[in-house]
Amino acid sequence: MPRRFLRHLFHQTHKFRLYRSLPSFEEYVMVDQEQAVVESFVRIADDKWQIRTFLGLNSIVAFKSLEIEVAMKDIYEDVIS
């Protein structure tokens, strides 16, 4: 694996660890910059998180904490084709 990828992965993991220690923090979303992939981590209990992965431009992403749904094609408009 390239060092840049590993450094980015460490940074994201460290950041998520800090965020999830906040009692009011409910959802963490990562959007891939190169392909239509969105991962959502939703708090379901104090120490438990549910991971949801949305794949492809035909998917609909549900943001539980905001109570909205957004089409992947709208998220990636003008980003990937």
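Residues numbered from 1 in each chain as written. Predicted model: local features only at pLDDT ≥ 70, side-chain atom pairs only at ≥ 80, totals over all residues. Heavy atoms only, no water.

A separate point is the environment of aspartate 74. Checked against the element boundaries, aspartate 74 lands in helix α2 (residues 72-75). A relative accessible area of 47% places aspartate 74 in the partly exposed class. With 16 residues separating them along the chain, aspartate 74 and asparagine 58 place their C-alpha atoms 10.0 Å apart. (Helix = DSSP H or I, 4+ residues; strand = E, 2+ residues; numbered from the N terminus. Buried < 20%, exposed > 50% of the residue type's maximum accessible area, 1.4 Å probe, protein only.)

Read from one edge to the other, the open sheet built from 3 strands follows the order β1-β2-β3, with strand pairing classed as antiparallel. Looking at which strands have only one partner, the edges of the open sheet turn out to be β1 (27-31) and β3 (48-55). For this sheet, the mean inter-axis angle between neighbouring strands, taken without regard to orientation, is 15 degrees. Examined bridge by bridge, strand β2 (residues 37-45) and β3 share 8 bridges and lie antiparallel to one another. Each bridged residue has a counterpart across the sheet, and for serine 40 the counterpart in β3 is arginine 52. (Pairing = 2+ DSSP bridges. Axes fitted to C-alpha atoms, helices over the stretch in contact; angles between N-to-C directions.)

The subject of this paragraph is unusual backbone geometry. A positive phi angle, close to 55 degrees, is found at glutamate 67, a residue other than glycine. Despite not being glycine, aspartate 78 shows a phi value in the positive range, around 65 degrees. Tracing the backbone shows aspartate 78 in the segment after α2.

Attention now moves to the packing of aromatic side chains. Overall, the coordinates contain 8 aromatic pairs when judged by the stated rule. Their ring planes at 45 degrees and their centres at 5.0 Å tell us that phenylalanine 16 and phenylalanine 41 sit as a pair that is tilted. You can see phenylalanine 16 sitting in helix α1 (residues 3-20) and its partner phenylalanine 41 sitting in strand β2, a full 25 residues away along the chain. A connected cluster of aromatic rings, assembled from ring pairs, spans Phe16, Tyr19, Phe25, Tyr28, Phe41 and Trp49. (Phe/Tyr/Trp six-rings, centres within 6.5 Å; stacked < 30°, edge-to-face > 60°.)

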